Amino acid sequence: MNSKNKECLLNFIGFLFLVAQCLSMVEGEVHYYEFVLAEKNFTKLCNTTSMLVVNGSIPGPVIRVHKGDTIYVNVYNQGYYGVTIHWHGVKQPRNPWSDGPEYITQCPIGPGSNFTYEVIFSTEEGTLWWHAHSDWTRAYVHGAIVILPAIGTTYPFPKPDDEDIIILVKAKDFEQNLATISAKSGDDSHRLKSTDTRPETYDIRPPELLPLAGSLYSGNLKAEYDYDLIYGSDLPHSIGYTINGEPGDLCPCSKETTYRRVVDHGKTYLLRLVNSVVAADMFFAIAEHNLTIVGMDANYIKPITTSYIMISPGQTMDILLTANQTLGHYYIAARQFWSQGVGVTNFDQVNVTAIIEYRGNYTIPLSPSFPSTLPTYKDLTAAIEFSNLFRSLASKDHPVNVPLNITTRMYITVSMGQIDCKNSTCTTRGAEIILATSVNNISWNNPVPTDVLLAYYRNISGVYTTDFPDQPPSYYNFTADELPIALATTDLGSKVKVLNYNEAVEVVFQGTNLLAGAGTHPMHLHGHSFYVVGSGYGNYNNETDPKNFNLVDPVAVNTFGVPKNGWLAIRFVANNPGVWFWHCHIDRHMTWGMAAVFIVKNGGTAETSIRKPPPHLPPCKVPSESWLQNNDGSDGKENQSIFI
């Protein structure tokens, strides 16, 4: 080889090396989606009702990404009331502006307007979901998020033969409009701008995610919800449940639309289970088949083989199903786990079903087999046994980092309660005393008409206070059978807890039996995952119970249940600066006030500080005299005009 050829070869090798370096620097791909929110008539359970949905279907589009990717979702609201979207379980590092809870991190996207969310995936891998986070709109506005392993890696379990998923087609016009957006999630100079241009096309095929459980309500849910809030009465109760939008064979007017899935004998399927039910824990089983749970809340776990599952609102699970039974038809079935008053009978007792059909030649049965292992509605023992099974994978590739040197400890009671409107700011026109829920005897009150994040970032006074207590106001036998009603009186407030960056936090949630209202409370934390280091029944003992904490392989999740008349201990590191909502994911409890906010302060560098806000946030009503100074030291004028 002559010297000239050698030089060309060396130059070519050098070029390949530079290309490889560039490729290795790419943190993830960028994807674009568009959500069109609009009312549409659906006939369920023999009734036709108008529902606000995304892209014409229930559930809405499946978002499919790889670990570390970023997506932009342009949400067009063609409904008649304001809506926000939350990306449940996505940590959104340094980016609370796109987290979505109404009046916590943004004001609603008004009718006839739009907002583009930037959703940044980081450590999540597995199944999450997205849903509306305003009123109870999430009953019909929700969908799944599938986060595949990063390119070049794979699952920590044998790869399944199939996944029950389809990929939605992107609208070409929307992609072209955004083609120049930078993929660097940390580059604030290229933040996406909203556009008033309506998409010409969008995919309205129903997603084939199996299974996603939801709720059905009679009549206009939004109108009933608003009425109940105004007059201080109970909140709406569901009349049925769905799997991928369908109630199933056992419900009236539903047999023809039951969700069905054809499987091949001997194959293993990865099922992605999402509980999007508004206000109920659910038992779940497949007739004559075992299920192997390998992931929870986009974190891998030590595999659990079980004949049934209990899943709380907000939780997600990755499950392996091997089609190894006799050729035939088998029901997938779910029913509510009722954890409250034992004597109560007027709860939703509908059994929702879907069907697995084996491919092949056989005589089709008159009716599919029903799962004999599905627990009954009030099987507390089954719920307890199941909730104690979870452990993190805790492997070399999926390590755990449980905080050990705790710097902030909080003991928080989660309770039913009541508010005396004579001594508060209740807006109800009904009774003087109304139902409420509370955390440490404080019932969260959204700071309408602005949001906590905007107020924090701009130092706007009078929106919230920073005096959320680390302890309940009084101690008593929290789980006693009969408790004085005076203990149930709670106060309305917008109180937040401020945490320093990298604070190591331990929270013990203590369930109470106030108003004889003991039940499970699935607590969800935005912006972080947390480790479940312990749980138990009765009153937490701060001397003996910590001795049994699991600090080796506790499960890492974003939602987990406080047991009925029991306690839950969690730990996390507050390493994501921003404003982060936490609340019970049974929406009736959240609506009544079982919620609060953590504010995580900036670290000492730009990389550990909140990113600048996008230039076109949905407008809030902020008095001009309230503007002071940004927490980042700037004068705030660059975005002031967008808030009216």
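Now for a look at the structure at hand. On a predicted model such as this, the values are computed, not experimentally measured, just so you know.

## What about the overall build of the protein chain?
Move 1: When its secondary structure is counted, the protein chain shows 6 helices and 33 strands.
Move 2: Buried residues in the protein chain amount to 59% of all 644 residues.
Move 3: In the form shown here, the protein chain has an accessible surface area of approximately 26300 Å², with 52% of it arising from carbon and sulfur atoms.

## Quick word on helix H4 (residues 380-387)
Move 1: Within the span of H4, buried status applies to Ala-382, Ala-383 and Phe-386. With its buried residues spanning 100 degrees around the axis, H4 presents them on a single face.
Move 2: Check the buried side of H4 and you find it contacts strand E14 (281-286), strand E15 (291-296), strand E16 (299-306), strand E17 (309-311), strand E18 (316-322) and strand E19 (329-337).

## Description of the state of the cysteines
Move 1: Tallied over the full model, the rule gives 2 disulfides.
Move 2: In this structure Cys-251 is a free cysteine whose sulfur lies 9.7 Å from that of Cys-46, the closest cysteine sulfur available.
Move 3: Residue classification places Cys-251 among the buried residues on the basis of a relative accessible area of 9%.

## Focus on the environment of Arg-261
Move 1: Along the chain, Arg-261 turns up in strand E12 (residues 260-263).
Move 2: Sequence separation between Arg-261 and Ile-355 is 94 residues; the distance between their C-alpha atoms is 6.3 Å.

## A short note on the packing of aromatic side chains
Move 1: The final tally for this structure, using the stated rule, is 30 aromatic pairs.
Move 2: Judged by centre distance (4.8 Å) and plane angle (80 degrees), the ring pair of Tyr-80 and Tyr-81 falls under edge-to-face.
Move 3: Accessibility expressed as a relative area gives 12% for Tyr-81, which makes it buried.
Move 4: A ring pair is formed by Trp-136 and Tyr-225, whose centres lie 5.5 Å apart and whose planes are at 50 degrees; its orientation type is tilted. With Trp-136 in the loop between strand E7 (126-132) and strand E8 (142-148) and Tyr-225 in helix H3 (residues 221-231), this pair connects stretches of sequence that are 89 residues apart.
Move 5: Trp-136 gets classed as buried once you look at its relative accessible area, which sits at 2%.
Move 6: Taking relative accessible area as the criterion, Tyr-225 reaches 5% and is therefore assigned buried.
Move 7: Taken together, the ring pairs connect Tyr-411, Tyr-475, Tyr-476, Phe-478, Tyr-540, Phe-549 and Trp-567 into an aromatic cluster.

## With respect to the sheet that holds strand E33 (residues 595-600)
Whether parallel or antiparallel, the strands of a sheet pair through hydrogen bonds between backbone atoms.
Move 1: Across the sheet, 5 strands lie side by side as E25-E33-E32-E27-E30; this open sheet has mixed pairing. The open sheet has two free edges, formed respectively by strand E25 (496-499) and strand E30 (559-562), since each of these has just one partner strand. Neighbouring strand axes in the sheet, compared pairwise and without regard to direction, differ in orientation by 25 degrees on average.
Move 2: Both strand E32 (residues 578-584) and E33 contribute to a ladder of 6 bridges, which runs antiparallel.

## Topic: H3
Owing to its 3.6 residues per turn, the α-helix brings residues three or four apart onto one side.
Move 1: Where H3 is concerned, the buried positions are Leu-221, Lys-222, Tyr-225 and Asp-228. The arc that holds every buried residue of H3, seen down its axis, measures 135 degrees, which confines them to one face.
Move 2: Check the buried side of H3 and you find it contacts helix H6 (587-592).
Move 3: The residue sitting at the N-terminus of H3 and contributing the capping side-chain oxygen is Asn-220; that oxygen lies 3.1 Å from the backbone nitrogen of Lys-222.

## Re the sheet that holds strand E20 (residues 352-358)
Move 1: With respect to topology, 5 strands assemble into an open sheet ordered E12-E20-E19-E14-E17, the strand pairing being mixed. Looking at which strands have only one partner, the edges of the open sheet turn out to be E12 and E17. Direction aside, the axes of adjacent strands within the sheet are offset by 25 degrees on average.
Move 2: In this structure, E19 lies alongside E20, joined through 6 bridges in antiparallel fashion. Directly across from Ile-332, in E20, lies its bridge partner Ala-354.
Move 3: Sheet contacts for H4: E14, E17 and E19; angle to E17, the most-contacted strand, approximately 85 degrees.

## A short note on the pattern of salt bridges
Move 1: Enumeration according to the criterion identifies 19 salt bridges in this entry.
Move 2: Of the charged contacts, one joins Lys-267 and Asp-264 as a salt bridge, the two residues approaching to 3.6 Å between their closest N and O atoms.
Move 3: For Arg-571, the salt bridge identified is with Glu-506, shortest N-O distance 2.9 Å. Residue Arg-571 is found in strand E31 (residues 566-574), and its partner Glu-506 is found in strand E26 (residues 503-511); the two are separated by 65 residues along the sequence. Glu-506 matches Arg-571 in its accessibility class, with the two residues each being buried.
Move 4: The network of salt bridges with shared partners includes Asp-135, Lys-222 and Asp-226.

## Quick look at a nonpolar patch on the surface
Move 1: On the surface, Tyr-227, Ile-230 and Tyr-231 cluster together into a nonpolar patch covering about 280 Å² of accessible area.
Move 2: Within the element layout of this structure, Tyr-231 appears in helix H3.
Move 3: For Tyr-231, a relative accessible area of 33% puts it in the partly exposed group.

## Focus on unusual backbone geometry
Move 1: Backbone torsion omega between Ile-58 and Pro-59 reads -10 degrees, so that peptide bond is classified as cis.
Move 2: With respect to the helices and strands, Pro-59 occurs in the loop between strand E2 (47-54) and strand E3 (63-66).
Move 3: With an omega of 15 degrees, the peptide bond running from Val-448 to Pro-449 counts as cis.
Move 4: Relative to the helices and strands, Pro-449 resides in the loop between strand E23 (442-444) and helix H5 (452-458).
Move 5: Even without glycine at this site, Asp-135 takes up a positive phi of about 50 degrees.
Move 6: Turning to its location among the elements, Asp-135 is positioned in the loop between E7 and E8.
Move 7: Owing to a relative accessible area of 23%, Asp-135 belongs among the partly exposed residues under this scheme.
Move 8: Phi is positive for Asn-459, close to 55 degrees, though the residue is something other than glycine.
Move 9: Along the chain, Asn-459 turns up in the loop between H5 and strand E24 (491-493).

Cut-offs and rules
Residues numbered from 1 in each chain as written. Predicted model: local features only at pLDDT ≥ 70, side-chain atom pairs only at ≥ 80, totals over all residues. Heavy atoms only, no water. Helix = DSSP H or I, 4+ residues; strand = E, 2+ residues; numbered from the N terminus. Buried < 20%, exposed > 50% of the residue type's maximum accessible area, 1.4 Å probe, protein only. Areas by Shrake-Rupley, 256 points an atom, 1.4 Å probe, with all protein chains shown as cover. Arc of directions from axis to C-beta. Contact = heavy atoms within 4.5 Å. Disulfide = S-S within 2.5 Å. Phe/Tyr/Trp six-rings, centres within 6.5 Å; stacked < 30°, edge-to-face > 60°. Pairing = 2+ DSSP bridges. Axes fitted to C-alpha atoms, helices over the stretch in contact; angles between N-to-C directions. Polar contact = N/O pair within 3.5 Å; in protein donor to acceptor, adjacent residues only side chain to side chain. Salt bridge = Lys/Arg side-chain N within 4 Å of Asp/Glu carboxyl O. Patch = residues over 30% accessible without salt bridge, like charges linked within 9 Å, V, L, I, M, F, W, Y side chains within 5 Å.

Without other data, these values stay purely geometric and don't point to any function.
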